[in-house]
Amino acid sequence: AQTVTQSQPEMSVQEAETVTLSCTYDTSESDYYLFWYKQPPSRQMILVIRQEAYKQQNATENRFSVNFQKAAKSFSLKISDSQLGDAAMYFCAYRSPNTGNQFYFGTGTSLTVIP
Amino acid sequence: DTGVSQDPRHKITKRGQNVTFRCDPISEHNRLYWYRQTLGQGPEFLTYFQNEAQLEKSRLLSDRFSAERPKGSFSTLEIQRTEQGDSAMYLCASSPNALAGDTQYFGPGTRLTVL
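Residues numbered from 1 in each chain as written. Chains lettered and ligands numbered in written order. Predicted model: local features only at pLDDT ≥ 70, side-chain atom pairs only at ≥ 80, totals over all residues. Heavy atoms only, no water.

1. Description of the state of the cysteines
- For the structure on display, the rule yields two disulfides over all chains.
- Two residues, C23 of chain A and C92 of chain A, share a disulfide whose sulfurs are 2.0 Å apart. The chirality of the disulfide connecting C23 of chain A with C92 of chain A is left-handed, given an S-S dihedral of about -65°. Taken together, the residues C23 of chain A in the loop between β3 (19–21) and β4 (24–26) and C92 of chain A in strand β10 (residues 88–95) connect sequence positions 69 residues apart. Neither C23 of chain A nor C92 of chain A differs from the other in exposure class; each is buried.
- In this model, C23 of chain B is linked to C92 of chain B through a disulfide, with the two sulfur atoms separated by 1.8 Å. Between C23 of chain B and C92 of chain B, the S-S dihedral sits near -65°, and the bridge is therefore left-handed. Linking C23 of chain B in strand β3 (residues 19–24) with C92 of chain B in strand β9 (residues 88–95), this pair joins segments that are 69 residues apart in sequence. (Disulfide = S-S within 2.5 Å. Helix = DSSP H or I, 4+ residues; strand = E, 2+ residues; numbered from the N terminus. Buried < 20%, exposed > 50% of the residue type's maximum accessible area, 1.4 Å probe, protein only.)

2. Here's the deal with the environment of P108 of chain B
- For P108 of chain B, the location among the structural elements is in the loop between β10 (105–106) and β11 (110–114).
- On the accessibility criterion, P108 of chain B (15% relative accessible area) is buried.
- With 103 residues separating them along the chain, P108 of chain B and S5 of chain B place their C-alpha atoms 6.8 Å apart.
- Setting aside residues no more than four positions away along its own chain, P108 of chain B makes contact with Q44 of chain A together with V4, S5, Q6, R9, M89 and L91 of chain B. (Contact = heavy atoms within 4.5 Å.)

Shape descriptors only; they carry no functional weight alone.
Shown next as structure tokens:
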């Protein structure tokens, strides 16, 4: 099974500042997708951003952007202008058509936003 | 579109009892997934359906677990003879198709506590 590693169990950021969450993964596939999901306390997981492995351009969604380094198998999430509502658990996930399209999730990073 | 719903949101049961959870996916979503999430971990894949067909089951899904999606709409997950190790959040997700890039939409989860 694919392995997704999030080495930062907890991170904190000052409101309006920028924070980067790290994710690495292990795969021998060339065709796959990477995702960042956000899980606020006691609320359901929602998609933050998605990256196709065959695209060299890094995905961007408003204040959220990724740094996708395919050769290094790294997929970090940058949150700019952090807001109090960004406080949540963030999960990195891997998905490939060769593995049944199921998600493989990391262990998550808990992000605290300091007012 | 009301999103993915799950019922109940919380379930407390005694060891040895059977429990059943229900998931209602977003209408017309063909794919339905079940995940288990324990404290401090990311969701772990259990099983998924393409319409009414159960296409894959994880090794985590012991013979005490059974899932159905009888008409290709809602799904149920039953755990027989519950054990304390079954205590976890059970998440359901749906996606429109079987494409790896498809977003999975998650429900709020059912938190199971086995005493």
